[in-house]
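# Architecture at a glance
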Amino acid sequence: MPVVVVESPAKAKTINKYLGSDYTVLASYGHVRDLPPKDGSVDTDHDFEMKWEIANDSRKHVAAIAEALKSDDELILATDPDREGEAISWHLKEALTKRRSIKKSTKVERVTFNAITKQAVSEAMKNPRDIDAPLVEAYLARRALDYLVGFNLSPVLWRKLPGARSAGRVQSVCLRLIVEREMEIEAFKPREYWQVKAQLTTPRGQGFEARLTSLAGKKLDRYDLANLTDAEMAVSAVEKRALKVLSVEAKPTSRNPSAPFMTSTLQQEASRKFGMGARQTMNAAQRLYEAGHITYMRTDGIDMAPEAVMAARDAIKDRYGAEYVPDSPRMYKNKAKNAQEAHECIRPTDMTKDAESLRLSEPDQRKLYDLIWKRTLACQMAAARLERTTVEIGSDDGQVGLRATGQVVLFDGFLKIYEEGRDEPVEDDDKRLPQIMQGEAAKFDAGALKSEHAKAVEKAVGEARNAVMSDDGATLATQSFTNPPPRYTEATLVKKMEELGIGRPSTYASIVTTIQEREYVRKEQNRLIPEDKGRIVTIFLLNFFKRYVEYDFTAALEDELDSVSAGNEDYKDLLAKFWRDFSAAIAETSELRISEVLDVLDEALAPQLYPPREDGSDPRICPKCGQGQLHLKTSRTGGFVGCGNYPECTYTRPIAGEGAEGEERLLGEDAGDEIWLKAGRFGPYVQRGEPTPENKKPPRASLPKARGQFLPGWEPDGMTLEKALTLLTLPREIGMHPEGGVVKSNLGRFGPFIMHQKPDEEKPVYVNLKEFQEVFEIGMNRAVEMLAEKRANPGRGRGAAAKPLRELGDHPDGGALSVYEGRYGPYVKWEKVNATLPKDTDPKEITLEAAVELVNEKAAKSGKKKAAPKKAAAKKPAAKKSTAKKSTAKKTAAKKAAGDEG
């Protein structure tokens, strides 16, 4: 019977249901071959020949497929219907041919389906084809480019910028977007403006709000009321005049639904509505696809199969009634330049099934399916009909004009089930106005805005006035300032990448994830913020490899790769053209000394590093010693600004500027010593004095943390001399133990603890304290008692098994997944792989999917994988494995660098 190969066991299980016992369905577990992490894997001297290697953990899967082919002479490659899927099929065919598992008589066919349903799978089996050579060549070109950039550029970064991790063809451009947005924010100068509104009533006593739109007969622009004086004059002008309704205009309008999801819009909407990251979204979508619930989730397409459109219309009619079905189906046309990426939109395979009827147990899958189902039905529903009313109000002399707006929904249409989220909040016009008639008086609603005025005043800084109210409390002017452009979320970053033509559906998630894993970017409150090392890498690339981080160049290269996949361009010509210029740039930069590189970067970053000081003094003069010149420096943790008089002066601060978090700060003096707050590799700390030849390591203490967060009251911003002196009392001697030896308390990487070593003990005994304050307060009796308990019951460190906090279920590859409490905080355990939970993840809320992702990432990084069942007979390739494992840590880093674009 034919051997059918797919990527994952979950997909294999679903397909096996439809094909039955006439087929053998096996999983390749993703890519089976890759370029080895060493020089020469892409041979630029021999027509870009690529040397592939089967990964150690893939050997058993290839062997299983080869074993099945011994009794079956037909191979059906049913991997995903995109470039990556085509590449996996090609790799499998090549690997099996090389080991002679595919013979001349073996029939090899390729089938693709956009959804894992019985009908789609059966139809695909009736229409097999050959492997798409142009699509494979596009993959080869991308993989070669990623290797050439990563393997050649990353070592330049390591040598010139200590602490830099890697560079990538697309990741570096993506990082540039985030860094440049941060620089825009830092350079932004807010502009003041004021807005005036009045609370009015109709003759029938119904209230409504109107905003001032014209003053002294002139239409007001945003910045016309520029200060407090202007605002006071405007409020006075409004409150002194009688107002009447000049016109009432009600206009019917309609809103059409958004197009169905493609990869980028699904990632954006999941981020807006649920705060899900790009990878988290794609993992949940992958599971839904493999279970047969949705169509393929990596696509640039928004068109929908005709039968799916009709099914959606029928489902809408059955659920909501005929009035919600438009007269004719809505048709959406693909905008993707590359037809290979433009599969059908992401939609449910069965329109009649909502999330509840599927009974999905995983929260991420349930939320995402509900989103996809609602968006799909909404895109085929009738438009929403609304009525927008605009009321113009003015004084008889024409000196003052106000406007009230309102909007009501006459027929909800698609809004009944779905409304697209927004990246940034907008003013709400969806309020209903009372009945207002032209010519009638609009009277002031006395006192109506007093509470709003009081709230505004509470937010005032110092004695500055930020609100002006009329004497009757019905007219209010409030101060506002323009805002800098917002930091990117994962959703808005993917949207920007899509607009610029950077990346493709199959790479968005991996790119956004990679720059966070490289510690170039951190995510706070769902916003992406560049780290110092990310800034330095970006400025370095902009100065020495500018062409390769230009948006136009990267987008043009993507277009060329699309041209290769369409069969219109030779991929080796593309590689030769790229390598000619790129290798020259690498050679030129390799000759530069680190000091030369830092001089260039220091000059390029000068406006950000050394902004003008308020006192007019030279911003490059060290604020600590007053003599040395500040200069950009690098360390393993990234870039920083330091004094040129080092080691006499040890002043440092982050590259974000003076006053930024991380700048060292003098807290005061104690016993003749200066007490400093400083920033180090492991975070902020306090220090007594400075290093001297006699005292090279002055006393210091880290600021206390729990699970990665500063303890309340011990944040760097609130650090005082008194708190610093308290920390510097550590380690604290509690007293002499009855059996000899001093008992001490201190703070460590894992929190507060006590320690003691008896005269006859080889090692000290440590006991963790639950509360931070105990490190200063615990007495001798309690300490002796706790140490005795620890010695009597050493704990699981000497064999006792830990009990899980939660049992999550089984890993797709077999084996239980559970959550435990550990020294580093909660972690997920699978077989021999332990993965610490991110600090913002609640162990009670983590899903099986998220846990699988964490342990898989940890296993990939550490090289750990679940051991395959061992057979009695020894295999010949075993000898080669030891050789493969000899790659150094640097080569492992190079492998990540060379392959981080997906």
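Note on numbering: residues in each chain are counted from 1, in written sequence order. For a predicted model such as this one, the threshold for reporting local features is a pLDDT of at least 70, and the threshold for listing and counting side-chain atom pairs is 80 or more; totals across whole chains, interfaces and linings nevertheless cover every residue. The basis for every side-chain value is the complete set of heavy atoms in the structure, and neither hydrogens nor water enter the calculation.

## A short note on the overall build of the protein
Under the convention used in this document: Put simply, DSSP marks the helices as runs of H or I at least four residues long and the strands as runs of E at least two long, and each gets a number from the N terminus on. Only the protein chains shown count as cover for residues, and all accessible areas are computed by the Shrake-Rupley method using a 1.4 Å probe. When charges are tallied, Lys and Arg are placed among the positive residues and Asp and Glu among the negative ones, while His and the ends of the chain are skipped. To locate a charge, the coordinates of NZ of Lys, CZ of Arg, CG of Asp or CD of Glu are taken.
Looking only at helices and strands, one finds 26 helices and 36 strands in the protein. Judged by the C-alpha coordinates and their principal axes, the protein covers about 100 × 85 × 60 Å. Total accessible area on the protein is roughly 45,100 Å²; 48% of this is exposed by carbon and sulfur atoms. With 140 positive and 138 negative side-chain charges, the protein shows a separation of 5 Å between the mean positions of the two kinds.

## A look at the pairing of strand β2 (residues 24-27)
Stated precisely, the cut-off is as follows: When DSSP finds two or more bridges between two strands, those strands count as paired.
Pairing of strand β1 (residues 3-6) with β2, which is carried by 4 bridges, proceeds in the parallel orientation. Note on β2: the bridge partner recorded for Val5 is Leu26.

## Remarks on the sheet that holds strand β25 (residues 683-688)
The condition that has to hold: Axis lines are fitted to C-alpha atoms, over the contacting stretch for helices. Their N-to-C directions set the angle, which ranges from 0 to 180 degrees.
The strand order across the open sheet built from 4 strands is β23-β24-β25-β26, with neighbouring strands paired in antiparallel fashion. Two strands lie at the open edges of the sheet, namely β23 (665-670) and β26 (700-702), each paired on one side alone. Averaged over all pairs of adjacent strands, the angle between their axes in this sheet comes to 25°, without regard to strand direction. As paired strands, strand β24 (residues 673-680) and β25 are joined by 6 bridges and run antiparallel to one another. Its bridge partner lying in β25, Lys678 is registered against Tyr685.

## Some words on the packing of aromatic side chains
The geometry of an aromatic ring pair comes down to the distance between the two centres and the angle between the two planes. To be explicit about the condition: Any pair of Phe, Tyr and Trp rings, taking the six-membered ring for Trp, is counted once the centres come within 6.5 Å. Such a pair is stacked with planes under 30 degrees apart, edge-to-face with planes over 60 apart, and tilted for the rest. Accessible area is worked out with a 1.4 Å probe on protein chains only. A residue is then buried under 20% of its type maximum, exposed over 50%, and partly exposed in between. Only lysine NZ and arginine CZ atoms are considered, and such an atom sits over a ring when it is within 6 Å of the ring centre and within 35 degrees of the ring normal.
Using the criterion set out here, one finds 20 aromatic pairs in the structure. Measuring from ring centre to ring centre gives 4.9 Å for Tyr324 and Phe411, while their planes differ by 40°; the resulting arrangement is tilted. Of this pair, Tyr324 sits in the loop between α10 (306-320) and α11 (355-358) while Phe411 sits in strand β14 (residues 400-411), and the two are 87 residues apart along the sequence. Phe411 shares its class with Tyr324; the two are buried. Each ring, one from Phe540 and one from Phe544, has its centre 5.1 Å from the other, and the planes form 40°; the classification is tilted. Taken together, the positions of Phe540 and Phe544, both in helix α16 (residues 532-544) and 4 residues apart, correspond to about one turn of that helix. Connected via pairs of aromatic rings, a cluster forms that spans Phe540, Phe544, Phe545, Tyr548, Phe553, Phe578, Trp579 and Phe582. The aromatic ring of Tyr223 is capped on one face by Arg191, whose charged end is 3.8 Å from the ring centroid.

## A closer look at the nonpolar core
Test applied: In this description, a nonpolar core means a group of buried Ala, Val, Leu, Ile, Met, Phe, Trp, Tyr and Cys residues linked to one another through side-chain atoms lying within 4.5 Å. By definition in these notes, contact holds between two residues if any of their heavy atoms fall within 4.5 Å.
Ranked by size, the top nonpolar core spans 82 residues in total, and within it Leu153, Leu161, Leu493, Phe540, Phe545, Phe582 and Leu601 carry the most contacts. Element by element, the count of residues in this core is highest for helix α5 (residues 133-160), at 14 residues. Excluding residues that lie within four positions of it along the chain, Phe545 makes contacts with Leu153, Val156, Phe540, Phe582, Ala585, Ile586 and Thr589. Formed by 63 residues, the second largest nonpolar core is a distinct cluster that contains Ala284, Leu368, Ala384 and Phe411.

## A word on helix α4 (residues 118-126)
For clarity, the threshold we go by: Summarising the geometry, the arc corresponds to the directions from the helix axis toward the C-beta atoms.
When we look at burial in α4, the residues that qualify are Val121, Ala124 and Met125. The arc enclosing the buried residues of α4, seen along the axis, measures out at 100°, which places them on a common side. In α4, the exposed positions that point more than 90 degrees away from the buried face belong to Gln119 and Lys126.

## Comments concerning helix α17 (residues 551-565)
Defined as follows: In a helix, the anticipated span is given by 1.5 Å times the number of residues less one.
Relative to the 21 Å expected for 15 residues at 1.5 Å per residue, α17 spans 21 Å between its end C-alpha atoms, a close match to the ideal helical length. Buried residues dominate α17, accounting for 11 of its 15 residues. Of all the positions in α17, only Tyr551, Phe553, Thr554, Ala555, Leu557, Glu558, Glu560, Leu561, Asp562, Val564 and Ser565 are classed as buried. Close packing links the buried residues of α17 with α5, α6 (171-187), α14 (490-500) and α18 (571-590). Two residues or fewer after α17 comes Gly567, characterised by a positive phi angle close to 85°.

## Topic: the confidence of the model for the protein
Heads up, the condition is: pLDDT runs from 0 to 100 and stands for how confident the predictor is about each residue.
Residues at a pLDDT of 70 or more form 90% of the protein, whose mean pLDDT is 86. Within the model, the stretch residues 796-800 combines pLDDT values under 50 with 5 contacts to residues more than four positions away or in other chains. Across residues 865-895 the pLDDT falls below 50, and counting only partners more than four positions away or on other chains, this stretch makes 22 contacts in the model.

## A closer look at the pattern of salt bridges
The condition that has to hold: Definition used for salt bridges: Asp or Glu carboxyl oxygen within 4 Å of a side-chain nitrogen of Lys or Arg.
For the coordinates displayed, the defined rule picks out 51 salt bridges. For Arg211, the salt bridge goes to Glu209, with nearest N and O atoms at 3.9 Å. Between Glu344 and Arg347 there is a salt bridge, and its shortest N-O distance comes to 2.4 Å. The class for Arg347 is buried, based on a relative accessible area of 10%. A single network of salt bridges, built from pairs that share partners, joins Arg142, Asp146, Arg169, Glu558 and Asp562.

## A look at the environment of Ala210
Secondary-structure assignment places Ala210 in strand β10 (residues 207-215). Distance in space between the C-alpha atoms of Ala210 and Thr478 is 14 Å, their sequence separation being 268 residues. Other than its neighbours up to four places away in sequence, Ala210 contacts Val196, Lys197, Ala198, Leu200, Ile393, Leu402, Arg403 and Ala404.

## Re unusual backbone geometry
The peptide bond linking Tyr646 to Pro647 adopts the cis configuration, its omega dihedral lying at 10°. As for its position among the elements, Pro647 is in the loop between β21 (638-643) and β22 (652-653). A cis amide bond links Leu730 to the next residue, Pro731, at an omega of -5°. As for its placement among the helices and strands, Pro731 is situated in the loop between α21 (721-727) and β29 (732-736). We note that Asp47 has phi near 55°; this positive angle belongs to a residue other than glycine. Locating Asp47 in the fold gives a position in the loop between β4 (42-43) and β5 (49-50). Despite not being glycine, Glu831 has its phi angle at roughly 55°, a positive value. Within the element layout of this structure, Glu831 appears in the loop between β35 (825-830) and β36 (833-836). On the accessibility criterion, Glu831 (37% relative accessible area) is partly exposed.

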